[in-house]
Amino acid sequence: MMEKSLNKLATIAAAAVLAAGWTASAGAQTIKIGVNEPLTGPFAASGTYVVNGAKIAADQINAAGGLLGKKLELVIEDNKSNPTEAAAVAEKLITADKVPVIMGAWGSSLTLAVMPKLMEYKVPMLVETSSSGKITTSGNPYVFRTSPPSSLEAAAFKDIFPKLNIKKVDFLVINNDWGRGAAEDFGKMLKENGVKVGYVETMDQAAQDMSAQLSKIRSSDSDTIMVTTAVEQLTLVLKQAAALGIKKRIVTTGGSQNPDQLIEQAGAAANGSYHLTTFAPWVPDATPDPAATKYFLAEWEKRGHKFAGATESFRGYDGIRTIAEAIKKAGKAEPDAITKAFWQVDFTGLNGKIKFNKQGPEGRESGQSRPEVYLIHIENGKVALPKL
């Protein structure tokens, strides 16, 4: 009992010190936003894309005068694709850098590791990529997500899969919260709609040889393989599936596939594959805000980045714009005010309306927006929106 009381007092004392720090930072010349992303490790390519997109948004906002009379400052930290590091980075951003809000942390396992720190310090985080359903249903009121959870992706796919004549599916997913959650949510939806589900195979995030899982799936009578993983591992899956002579339809989920990068790195092995994405930079006029999409893509190219990264980098761009909208509505850069202001955000991002709906236990709800979901097809080395 004494230990619990001491821990509670320590938490209260820490919160008081942080509050004083945020009040003091009100006189600073910049408004800090913490960015917690994987810049090394297995997810480094994706995290770097997100950070580069975030920089475009910050520069655009600063060029227009900043926020509340101050410039935005991104405090960028590498979580090394590791959940323990992601939690440590969040604590460092909050306690040492005194950021009042964070964007992160790319992967679902990384974000889930950070979430207790948000609760402990009462600091909000904009989740730009992670898709595990647990992120917005576990009762963390400091979480606001713009990326779709797997359940939302699966709901969108419900209207698509009949047009592909899918009868039986096997899954090959990364062995973490993201991959397992995708298999569960898509599997549930497909079963409820008369599609048989066969094997559910997993692969460790650092694995490079998936031939054993693919050989097992090759022997199945499924017509479709649904794959969930990051672009680097997905490239290997496509190449190895082609080498094994697998002719089944491949559909990927999670929106982190970078189809143009797949075409470049997997070559002909990418042909025929389908991908669920939440941004369609190949057809700017078909996006929810064509002018904003064209500006973003022009700026992305101007900075020397490859077009392939646009399907991930837009997350960082929209993430920072969403945080900026919340700060603007809060009228001050303090965690409590920003948390409350997130519920007032309502604007059109590159992949649809960004407005947060409540998810999770009553009184402790997280925020979830509902982005657009697109199915794209790679054929003859080109990306297309299939006419279904």
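Residues numbered from 1 in each chain as written. Predicted model: local features only at pLDDT ≥ 70, side-chain atom pairs only at ≥ 80, totals over all residues. Heavy atoms only, no water.

### Quick notes on the overall build of the protein chain
Each helix and strand in the protein chain was counted, giving 13 helices and 16 strands. The C-alpha atoms of the protein chain give 21 Å as radius of gyration, which agrees with the globular expectation for 388 residues (21 Å, within 12%). Dimensions of the protein chain along its principal axes, counting C-alpha atoms only, are 65 × 55 × 35 Å. Put simply, the protein chain has 388 residues, and 54% of those count as buried. Pairs at least 24 residues apart make up 70% of the contacts formed inside the protein chain by residues separated by at least 6 positions. Here the protein chain has roughly 15,600 Å² of accessible surface; of this, 52% comes from carbon and sulfur atoms. Where the 44 positive side-chain charges of the protein chain centre and where its 40 negative ones centre are 3 Å apart. (Helix = DSSP H or I, 4+ residues; strand = E, 2+ residues; numbered from the N terminus. Rg over C-alpha atoms; globule rule 2.2 N^0.38 Å. Buried < 20%, exposed > 50% of the residue type's maximum accessible area, 1.4 Å probe, protein only. Contact = heavy atoms within 4.5 Å. Areas by Shrake-Rupley, 256 points an atom, 1.4 Å probe, with all protein chains shown as cover. Lys, Arg positive; Asp, Glu negative; His and termini not counted. Charge placed at Lys NZ, Arg CZ, Asp CG, Glu CD.)

### Description of the packing of helix α2 (residues 44-63) against helix α12 (residues 310-330)
Where α2 contacts α12, the two axes come as close as 6 Å, and the packing angle between them is 40°. Taken together, the axis directions place α2 and α12 in an arrangement best described as oblique. Seen from above, α2 lies across α12 with right-handed handedness. Between α2, through Ser-46, Tyr-49, Val-50, Gly-53, Ala-54, Ile-56, Ala-57, Ala-58, Gln-60 and Ile-61, and α12, the contact on the second element is made entirely by Glu-312, Ser-313, Arg-315, Gly-316, Tyr-317, Ile-320, Arg-321 and Ala-324. Considering only residue class, the contact of α2 with α12 consists of ten nonpolar, five polar and three charged. (Axes fitted to C-alpha atoms, helices over the stretch in contact; angles between N-to-C directions. Parallel < 35°, antiparallel > 145°, perpendicular 65-115°, else oblique. Left-handed = near helix turned anticlockwise from the far one by under 90°. Nonpolar A, V, L, I, M, F, W, Y, C, P; charged D, E, K, R; others polar.)

### A look at the confidence of the model for the protein chain
Do not read the fine detail of predicted coordinates wherever pLDDT is low. When pLDDT is averaged across the protein chain, the result is 93; 93% of the residues are at 70 or more. Considering only residues more than four positions removed or in separate chains, one finds that residues 1-6, a stretch of pLDDT under 50, has zero contacts. (pLDDT = per-residue confidence, 0-100.)

### Focus on the sheet that holds strand β16 (residues 382-384)
The sheet built from seven strands is open, its strands ordered β7-β6-β8-β9-β10-β15-β16 with mixed pairing. If you trace the sheet from one side to the other, it starts and ends with β7 (196-203) and β16, each paired once. Averaged over all adjacent pairs, the angle separating strand axes in this sheet is 25°, with direction ignored. With four bridges joining them, strand β8 (residues 224-228) and strand β9 (residues 249-252) adopt parallel strand pairing. Bridge assignment links Met-226 to a residue of β9, and that residue is Val-251. On top of the sheet, helix α10 (residues 259-266) reaches β10 (274-277), β15 (374-379) and β16; it is set at about 150° to β16, its chief contact. (Pairing = 2+ DSSP bridges.)

### Structural notes on the packing of α2 against helix α11 (residues 290-302)
Contact geometry of α2 with α11 gives a least axis separation of 11 Å together with a crossing angle of 110°. One finds that α2 runs roughly perpendicular with respect to α11. As for the relative orientation of α2 and α11, their crossing is right-handed in sense. The residues of α11 that touch α2, namely those facing Tyr-49, Asn-52, Gly-53, Ile-56 and Gln-60, are Tyr-295, Phe-296, Glu-299 and Trp-300. A per-class count over the contact of α2 with α11 returns five nonpolar, three polar and one charged.

### What to know about helix α9 (residues 231-243)
Turn by turn, an α-helix covers 3.6 residues, leaving residues three or four places apart pointing in a common direction. In this model α9 runs 18 Å from its N-terminal to its C-terminal C-alpha over 13 residues, within 8% of the 18 Å that 1.5 Å per residue would give. Gly-245 occupies a position one or two residues after α9 and carries a positive phi of about 75°. (Expected span 1.5 Å × (residues − 1).)

### Considerations on the packing of aromatic side chains
One pass over the full model with this rule turns up twelve aromatic pairs. Ring centres of Phe-279 and Phe-314 lie 4.6 Å apart, and the angle between their planes is 35°; this geometry places the pair in the tilted category. Taken together, the residues Phe-279 in the loop between β10 and α11 and Phe-314 in helix α12 connect sequence positions 35 residues apart. Phe-314 carries the same exposure label as Phe-279, and that label is buried. Ring-pair connections join several aromatic residues into one group, and the members of that group are Tyr-49, Phe-296, Trp-300 and Tyr-317. Here the guanidinium or amino end of Lys-358 rests over the ring plane of Trp-343, the centre of that ring lying 5.6 Å away. (Phe/Tyr/Trp six-rings, centres within 6.5 Å; stacked < 30°, edge-to-face > 60°. Lys NZ or Arg CZ within 6 Å of the ring centre and 35° of its normal.)

### Overview of the pairing of β10
Strand residues, when the strand is regular, have side chains that alternate between the two faces of the sheet. Where burial is concerned, the two faces of β10 agree: the one with Tyr-274 and Leu-276 and the one with His-275 and Thr-277 are both buried. Where β9 and β10 come together, two bridges link them in parallel fashion. The residue of β10 that forms the bridge with Thr-252 is His-275. Where β10 lies against β15, four bridges are found, and the strand directions are antiparallel. What sits directly across from Thr-277, in β15, is Tyr-374.

### Quick look at the pattern of salt bridges
The tally for this structure, following the rule as stated, stands at 20 salt bridges. Its salt-bridge partner being Lys-188, residue Glu-192 comes within 3.0 Å of it at the nearest N-O pair. With a gap of four residues between them, Glu-192 and Lys-188 both fall in helix α7 (residues 177-192), about one helical turn apart. Glu-192 sits in the exposed class, given a relative accessible area of 56%. Note that Lys-294 and Asp-285 form a salt bridge whose closest N and O atoms lie 2.8 Å from each other. For Asp-285, a relative accessible area of 59% corresponds to the exposed category. One network of salt bridges, in which partners are shared, links Asp-59, Glu-299, Lys-302 and Arg-303. (Salt bridge = Lys/Arg side-chain N within 4 Å of Asp/Glu carboxyl O.)

### Here's the deal with α11
An ideal rise of 1.5 Å per residue puts 18 Å on 13 residues; α11 measures up with 18 Å between its terminal C-alpha atoms. Of the residues making up α11, those classed as buried are Ala-292, Thr-293, Phe-296, Leu-297, Glu-299 and Trp-300. Seen along its axis, α11 keeps its buried residues to an arc of 165°; they face one direction. α11 presents Ala-291, Glu-301 and Lys-302 as exposed residues on the side facing more than 90 degrees away from its buried surface. (Arc of directions from axis to C-beta.)

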